[in-house]
Amino acid sequence: MKTTKPAGLPAGQHVPLPLNQILDGDCIERMRALPENSVDLIFADPPYNLQLKGALHRPDNSMVDAVDDEWDQFASFAAYDKFTREWLAAARRILKPDGAIWVIGSYHNIFRVGAALQDAGYWLLNDVVWRKSNPMPNFRGKRLTNAHETMIWASKSDTAKYTFNYEALKSLNEGVQMRSDWVLPICTGHERLKNAKGEKAHPTQKPESLLHRVLIATTNPGDVVLDPFFGTGTTGAVAKMLGRDFIGIEREAEYREVAAARIARVRKYDSDALRVSTSKRAEPRVPFGQLVERGMLRPGEMLTSLNGKRSAKVRADGTLIADDVRGSIHQVGAALEGAPSCNGWTYWCFRRDGQSVPIDVLRQQIRAEMARPSDV
């Protein structure tokens, strides 16, 4: 079990995090009781404070099952703003220095939440529009169909080195950079949870596809994800599948029961399936000199450029020499091409069995060895 030392605790004492548990009670009180700087990501789906006026009916006069629960009711905007400031402050305290938060809302509340985030010291990274491919129609015909919700992604501070798996999102999007408008369906069909009466277990259950994208984008396996408005546990279910730890907070016993049963049915993906695409910059750094030290390339061995027009000799200290040019694989390549810069790993090749092989193959071999667990 992970343990974290909260501020003010005597040295050597740590408080265990309630990982993979659903905590009952008020989210503000529960977060205040958790250790400081202990959570990697927070996904929050707070009450929207819907300003509904009267019952809503379909054209056939049947009533729409809208959100009219007590937990979504606030006496005034001032009361809602006070609640928002308090839970955001409690959330920021438990976020790690490089942690981040996602908050989802509708036009009823998201603008007030956005201002409160900035006032609380968070640093806004993106607003993401979740465009619903199958939204509920506007039955009264007096406004536009509400076809989207807005998510705000923010880091704990402007200096936080937050997680962003850019290449993984690009892979999810068929090799194209992920945009800030996400077209995903609302929760329907087999995914929609029902209670013992056969009714919707929760009026605003979020689809797993939405949380899958959020967690793939901004967490890594083993990270701790907290959801202070856990509901029926979409965050916990997806976190478990993806090898993340979760902490849920939910004050409604009925929702906790549904969430616990749901998560118990979830199976974690195997470790190979959990690996995601990473950028070259995220891979371990391998100095060219290490290839020489390990005998993969020998001092005096000749390297040639990819196009075969340039050549340079490997020196014992991991530098190259070509004519009167000396330096790193990058410096020599750039000088020979008269270019401002050069990626020496993809520019230079060596000869093996009569074939020209990029030196990057040797670098990837070392990286693969670094990734394998030790036999010791």
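The name that an unreviewed UniProt entry assigns to the chain is Methyltransferase, with the source organism given as Pacificitalea manganoxidans. Its UniProt record gives the chain a comment under Sequence similarities (unreviewed entry), which states: "Belongs to the N(4)/N(6)-methyltransferase family." Taken directly from UniProt, the Catalytic activity (unreviewed entry) text for the chain runs: "a 2'-deoxyadenosine in DNA + S-adenosyl-L-methionine = an N(6)-methyl-2'-deoxyadenosine in DNA + S-adenosyl-L-homocysteine + H(+)".

### A word on the environment of leucine 242
Tracing the backbone through its elements, the reader meets leucine 242 in the loop between helix H6 (234-241) and strand E10 (245-249). According to the relative accessible area criterion, leucine 242 is buried, its value standing at 4%. Counting along the chain gives 32 residues from leucine 242 to leucine 274, while the straight-line C-alpha distance between them is 6.2 Å. The contact partners of leucine 242, leaving out residues within four places of it in the chain, are His212, Leu215, Ile216, Pro221, Tyr269 and Leu274.

### Topic: unusual backbone geometry
Residue asparagine 20 is not a glycine yet carries a positive backbone phi of 55 degrees. Inspection of the secondary structure puts asparagine 20 in the loop between strand E2 (15-16) and strand E3 (21-23). A residue is classified by how much of its surface remains accessible, and asparagine 20, at 41% relative accessible area, is partly exposed. In this structure, glutamate 174 takes a positive phi of about 55 degrees despite not being glycine. In this fold, glutamate 174 is placed in the loop between helix H4 (166-172) and strand E8 (181-184).

### With respect to the packing of aromatic side chains
By the definition in use, this model includes 11 aromatic pairs. Between tryptophan 87 and phenylalanine 229 the ring centres are 5.2 Å apart and the planes differ by 85 degrees, which places this aromatic pair in the edge-to-face class. Taken as a pair, tryptophan 87 in helix H2 (residues 77-94) and phenylalanine 229 in the loop between strand E9 (224-227) and H6 lie far apart in primary sequence, 142 residues in all. Given the relative accessible area of 0%, tryptophan 87 is considered buried. A ring pair is formed by tryptophan 102 and tryptophan 153, whose centres lie 5.5 Å apart and whose planes are at 10 degrees; its orientation type is stacked. With tryptophan 102 in strand E5 (residues 95-105) and tryptophan 153 in strand E7 (residues 148-155), this pair connects stretches of sequence that are 51 residues apart. You can call tryptophan 102 buried: its relative accessible area is 1%. Feature note: the residues Trp102, Trp153, Tyr162, Phe164, Tyr166 and Trp182 constitute an aromatic cluster, connected by ring pairs. Arginine 92 extends its terminal NZ or CZ atom over the ring of tyrosine 122, reaching a point 6.0 Å from the ring centre. The ring centre of tryptophan 182 lies 5.0 Å from the NZ or CZ of arginine 213, which sits over that ring.

### Considering the sheet that holds strand E12 (residues 311-314)
Strand order in this open sheet of six strands is E14-E13-E12-E11-E15-E16, and the pairing throughout is antiparallel. The open sheet has two edge strands with one neighbour each: strand E14 (325-327) and strand E16 (355-358). The average angle at which neighbouring strand axes cross in this sheet is 35 degrees, direction not considered. Bridge count between strand E11 (residues 302-305) and E12: three bridges; the pairing is antiparallel. Pairing of leucine 303 across the sheet is with alanine 312, part of E12. Packed onto the sheet, helix H10 (residues 329-337) meets E12, strand E13 (320-322), E14 and strand E15 (348-352) and runs at close to 155 degrees relative to E14.

### A word on the packing of H6 against helix H7 (residues 253-264)
Remark: H6 packs on H7, axes separated minimally by 9 Å, with the N-to-C direction vectors making an angle of 15 degrees. Comparing the axis directions of H6 and H7 gives the class roughly parallel. The handedness of the crossing between H6 and H7 is right-handed. Between H6 and H7, the residues in contact are Thr234, Gly236, Ala237 and Lys240 and Arg262, Ile263 and Ala264, respectively. Broken down by class, the residue content of the contact of H6 with H7 amounts to three nonpolar, two polar and two charged.

### Here we look at the sheet that holds E3
Adjacent strands of a sheet form backbone hydrogen bonds with each other and so pair up, either parallel or antiparallel. Read across the sheet, eight strands follow the order E3-E10-E9-E4-E5-E7-E6-E8 without closing on themselves; strand pairing throughout is mixed. Each having just a single partner strand, E3 and E8 make up the two edges of the open sheet. Across the sheet, the axes of successive neighbouring strands diverge by a mean angle of 20 degrees, strand direction being ignored. Examined bridge by bridge, strand E6 (residues 123-132) and E7 share eight bridges and lie antiparallel to one another. The partner of leucine 124 across the bridge, within E7, is alanine 154. Its contacts with the sheet place helix H5 (residues 208-218) against strand E4 (39-44), E5, E6, E7, E8 and E9, and it is angled at close to 140 degrees to E8. Contacting E3 and E10, H7 crosses the sheet at an angle of about 175 degrees to E3.

### Examining the pattern of salt bridges
Counted by the stated rule, this structure contains 12 salt bridges. Residue aspartate 24 is joined to arginine 30 by a salt bridge in which the shortest nitrogen-to-oxygen separation is 2.9 Å.

### Things to note about the packing of H2 against helix H3 (residues 110-119)
Across the interface, H2 lies against H3 with an axial gap of 10 Å and an inter-helix angle of 45 degrees. In terms of orientation, H2 and H3 fall into the oblique class. As H2 runs across H3, the sense of the crossing is right-handed. Two secondary-structure elements touch here, H2 through Phe77, Tyr80, Asp81, Thr84 and Leu88 and H3 through Arg112, Val113, Ala116 and Leu117. A per-class count over the contact of H2 with H3 returns six nonpolar, one polar and two charged.

What counts, and at which threshold
- Residues numbered from 1 in each chain as written.
- Predicted model: local features only at pLDDT ≥ 70, side-chain atom pairs only at ≥ 80, totals over all residues.
- Heavy atoms only, no water.
- UniProt positions renumbered as here; feature names shortened; annotations may be inferred.
- Helix = DSSP H or I, 4+ residues; strand = E, 2+ residues; numbered from the N terminus.
- Buried < 20%, exposed > 50% of the residue type's maximum accessible area, 1.4 Å probe, protein only.
- Contact = heavy atoms within 4.5 Å.
- Phe/Tyr/Trp six-rings, centres within 6.5 Å; stacked < 30°, edge-to-face > 60°.
- Lys NZ or Arg CZ within 6 Å of the ring centre and 35° of its normal.
- Pairing = 2+ DSSP bridges.
- Axes fitted to C-alpha atoms, helices over the stretch in contact; angles between N-to-C directions.
- Parallel < 35°, antiparallel > 145°, perpendicular 65-115°, else oblique.
- Left-handed = near helix turned anticlockwise from the far one by under 90°.
- Nonpolar A, V, L, I, M, F, W, Y, C, P; charged D, E, K, R; others polar.
- Salt bridge = Lys/Arg side-chain N within 4 Å of Asp/Glu carboxyl O.

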